[in-house]
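Per-entry structural report
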Amino acid sequence: MNKKISLDGVPVLNGAGVIDSKVFESTRDIRKNSEEITKNRTRKTRALNVVVIGTGYVGLVTGAILADQGQTVTCVDTDAEKLALINRGESPIYEPGLAEVIQNGLKNNRLLTSTSIADAIENADIVFIAVGTPPSPDGTPDLTAVIKVVQSIGESIKQHVTIVTKSTVPVGTGNLIEEILDKMGVDPNLYDVVSCPEFLREGSAVHDTLHPDRIIIGVNDEGAEIKLLTLYSRYRCPVLVTNRTSAELVKYASNAFLAVKISFINGISRICEECGANVDDIAAGMGMDSRISPKFLQAGLGWGGSCFPKDVQGLSKVGGTMGFDFEMLRAAEKINTDQVLHFVARIKRELGSFTGKRVGLLGLAFKPNTDDIRDAKSLEIIEILKQEGAEIVAHDPVAMDHVKALHPDITYANSAEEALHDVDVAILVTEWAEYKQLNMDRIANLMRGKLLFDGRRCLRREDVESAGLRYFTIGS
Ligand code: UGA
């Protein structure tokens with residue numbers, strides 16, 4: 001049964017269909033009427049001591065924004081060079097707007113750094129674990145870094161602290177953390193373990209963290225619940241309080257659902273190519289139904305990055321361990337893999353052969369506004385083109401150095417125009433804004449061939465064709 005409670009001055013509006021959960025809606029009028037509003041204000045005035053362990057996308061953005069919001073935050077990382085960059089007000093990752101938020105935190109003395117978990121947690125109220133959970137060879141997330149952090153916390157814990165998992169961790173990790181601490185003989189009164197998954201997207205991480213659609217708090221303990229609600233009390237989005245395992249599963253379910261949604265529209269794109277329909281119009285028509293929504297219906301080369309591939313596999317494994325074969329996820333993965341193969345096969349068909357052909361690749365990052373190339377479609381395409389004997393000239397506004405480390409044998413251009421100079425075919429892989437502004441007449445003059453393949457449907461067919469090039473894209 002859903003409990004009617006009014007913590008943090010916000011009464012429960014509904015929690016229908018969610019067992020043991022409470023949904024808080026932030027509505028000014030409801031807040032005004034709340035009998036607990038005074039209590040809420042008192043809670044809000046106290047800055048919490050927050051420690052964030054791991055300064056990757058999730059950790060650094062979370063820490064810097066909490067500091068900007070008035071909490072005292074210590075970001076912990078074993079990489080002292082990274083921390084030195086942060087202390088200079090620079091962002092060690094490419095993320096629009098993050099350096100400014102870091103600088104604010106430093107200016108107000110709210111953002112601190114440390115290489116020592118023991119020192120950082122001495123006076124901490126809340127410790128976020130935000131270290132990496134990369135996929136192991138069998139597809140399950142590798143928890144080595146998380147376990148090491150928990151052991152360090154266990155060795156140095158002296159006063160009560162709320163340990164919160166922010167990294168995407170497998171369902172049951174909260175229980176595992178408790179088991180580790182228990183085996184170490186740590187007094188259970190010294191900690192509680194919470195799951196508070198992060199939903200930010202790379203490239204818009206600052207915006208997403210400041211304006212989340214929702215906050216999910218997975219707790220098995222009311223004290224921890226109050227602490228987390230206090231920490232997030234300035235947010236005006238719905239807050240779902242549920243048990244820890246459910247929160248862990250919400251994260252996987254959300255990412256996997258979005259990946260399936262993209263694969264669905266990519267499946268439709270294949271049908272469109274055969275029957276002459278236009279996939280953008282299908283997506284627009286479907287998206288007008290508010291139950292479907294137009295978001296994440298952009299057909300293209302498919303999903304990559306550090307999250308969707310890992311989390312789709314992770315959820316598949318979870319299903320497997322529970323005796324459920326989540327076939328739909330494997331089908332989504334297959335569509336995603338086939339999307340690139342099908343695209344490259346179409347290019348080969350038009351070219352005749354890749355052998356000895358000069359190919360210009362625009363975009364290497366797994367999506368725009370990031371330099372992240374993890375599971376980027378560009379890497380799959382480069383592998384195939386190399387095997388087929390093509391000469392590759394690549395460009396990306398920020399991700400070229402990462403690809404150079406993997407493929408030092410291809411040519412890197414300083415601009416999109418340079419990448420397309422004298423090429424037989426142009427392939428757009430990542431929809432960077434600057435590629436949408438390219439002057440197609442100039443491009444047509446630079447290229448020796450006439451083929452332009454747009455893997456993200458981001459160019460205008462009329463512009464390309466009126467320049468005398470042949471335009472091919474996914475889904476029409
Ligand atoms: C994703 C989720 O969107 C975040 O909510 C989540 O917090 C994050 O994973 C995570 O687990 O850390 P992210 O991987 O940064 O965020 O990137 P997205 O913007 O979701 O894009 C993922 C992939 O899907 C990209 O390759 C993108 O090109 C592709 N995509 C996205 C499409 O092909 N079509 C779309 O309509 C949307």
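Residues numbered from 1 in each chain as written. Predicted model: local features only at pLDDT ≥ 70, side-chain atom pairs only at ≥ 80, totals over all residues. Heavy atoms only, no water.

1. A word on helix α15 (residues 377-387)
Taken residue by residue, α15 has Lys377, Ser378, Leu379, Ile381, Ile382, Ile384 and Leu385 as its buried positions. Buried-residue contacts for α15 involve α14 (327-351), β10 (358-362), β11 (391-395), α16 (400-406) and β13 (425-428). Positioned one or two residues after α15, Gly389 has a phi angle of 80°, which is positive. (Buried < 20%, exposed > 50% of the residue type's maximum accessible area, 1.4 Å probe, protein only. Helix = DSSP H or I, 4+ residues; strand = E, 2+ residues; numbered from the N terminus. Contact = heavy atoms within 4.5 Å.)

2. A word on the sheet that holds strand β15 (residues 470-473)
Pairing is parallel across the open sheet formed by six strands, whose spatial order is β12-β11-β10-β13-β14-β15. Each edge of the sheet is formed by a strand with only one pairing partner; in this case those strands are β12 (411-412) and β15. Examined bridge by bridge, β13 and strand β14 (residues 451-454) share four bridges and lie parallel to one another. For Ile427, the partnering residue across the bridge sits in β14 and is Phe453. Across the sheet, α15 touches β10, β11 and β13, and the angle it forms with β10 is around 175°. (Pairing = 2+ DSSP bridges. Axes fitted to C-alpha atoms, helices over the stretch in contact; angles between N-to-C directions.)

3. Considering the nonpolar core
Within the largest apolar cluster, 57 residues are counted, with the highest numbers of intra-cluster contacts made by Leu361, Leu364, Leu385 and Ile427. In this structure Ile427 touches Phe343, Ile347, Val359, Gly360, Leu361, Leu362, Leu385 and Phe453, once residues within four positions along its chain are discounted. In terms of nonpolar packing, the next biggest core, distinct from the first, is built from 40 residues, Leu66, Ala205, Leu228 and Tyr232 among them. (Core = buried A, V, L, I, M, F, W, Y, C linked by side-chain atoms within 4.5 Å.)

4. Description of the pattern of salt bridges
This structure, assessed with the given rule, holds 25 salt bridges. Between Arg448 and Asp424 there is a salt bridge; the shortest N-O distance is 3.1 Å. You can see Arg448 sitting in the loop between α19 (440-446) and β14 and its partner Asp424 sitting in the loop between α17 (416-419) and β13, a full 24 residues away along the chain. Residue classification places Asp424 among the buried residues on the basis of a relative accessible area of 15%. Among the charged side chains, a network of salt bridges with common partners joins Glu202, Asp372 and Arg374. (Salt bridge = Lys/Arg side-chain N within 4 Å of Asp/Glu carboxyl O.)

5. Comments concerning the site of the ligand
For the ligand, the set of nearby residues contains 20 residues, the closest of which are Phe199, Leu200, Glu202, Lys251 and Asn255. Contact distances for the ligand include 2.7 Å between an oxygen atom and a backbone N or O atom of Phe199. Glu202 places a polar main-chain atom, nitrogen or oxygen, 2.7 Å from an oxygen atom of the ligand. Surface burial for the ligand is 91%, taken as the share of its 710 Å² of free accessible area covered by protein chains. The element that contributes the greatest number of residues to the shell around the ligand is helix α11 (residues 244-275), accounting for three residues. For the shell around the ligand, the class distribution of residues is nine nonpolar, four polar and seven charged. (Near = heavy atom within 4 Å. Polar contact = N/O pair within 3.5 Å; in protein donor to acceptor, adjacent residues only side chain to side chain. Areas by Shrake-Rupley, 256 points an atom, 1.4 Å probe, with all protein chains shown as cover. Nonpolar A, V, L, I, M, F, W, Y, C, P; charged D, E, K, R; others polar.)

6. Some words on the side chain of Asp192
Within the secondary structure, Asp192 is located in strand β7 (residues 191-195). Buried charge without a salt bridge: Asp192, with Lys227 as the nearest opposite-charge side chain at an N-O distance of 5.3 Å. At 3.3 Å, the side chain of Asp192 and the side chain of His160 are in polar contact. Of note is the side chain of Asp192, whose polar atom sits 2.7 Å from the side chain of Thr162. In contact with Asp192, other than residues within four places in its own chain, are His160, Val161, Thr162, Ile163, Asp221 and Ala224. (Lys, Arg positive; Asp, Glu negative; His and termini not counted.)

7. A word on the pairing of β13
Alternating positions in β13 separate into two faces, Val425 and Ile427 on one and Ala426 and Leu428 on the other, with burial throughout. Of the pairings in the sheet, the one linking β10 to β13 comprises four bridges and is parallel in character. In the strand pairing of β13, Leu361 is matched with Ile427.

8. What about the packing of aromatic side chains?
Describing an aromatic ring pair means giving the distance of the ring centres and the angle of the ring planes. Overall, the coordinates contain five aromatic pairs when judged by the stated rule. Among the aromatic side chains, those forming a connected cluster through ring pairs are Phe343, Phe453 and Phe472. When the ring centre of Phe199 is taken as reference, the NZ or CZ atom of Arg214 above it lies at 3.6 Å. (Phe/Tyr/Trp six-rings, centres within 6.5 Å; stacked < 30°, edge-to-face > 60°. Lys NZ or Arg CZ within 6 Å of the ring centre and 35° of its normal.)

9. So, the pairing of β15
In the sheet, β14 pairs with β15 via four bridges, with the strands oriented parallel. Residue Leu451 lies in a different strand from β15, and its bridge partner there is Arg470. In this view, the connection linking β14 to its parallel neighbour β15 by way of helix α20 (residues 461-466) has right-handed handedness. (Right-handed = clockwise from strand over helix to strand, strands pointing away.)

10. With respect to the confidence of the model for the protein
Summarising the model, the protein shows a mean pLDDT of 91, and 91% of its residues fall at 70 or more. Predicted confidence for residues 1-20 stays below pLDDT 50, and this span has 57 contacts to residues more than four positions away or in other chains. Taken as a whole, residues 26-38 scores under 50 in pLDDT and shows 22 contacts with residues more than four places along the chain or in a different chain. (pLDDT = per-residue confidence, 0-100.)

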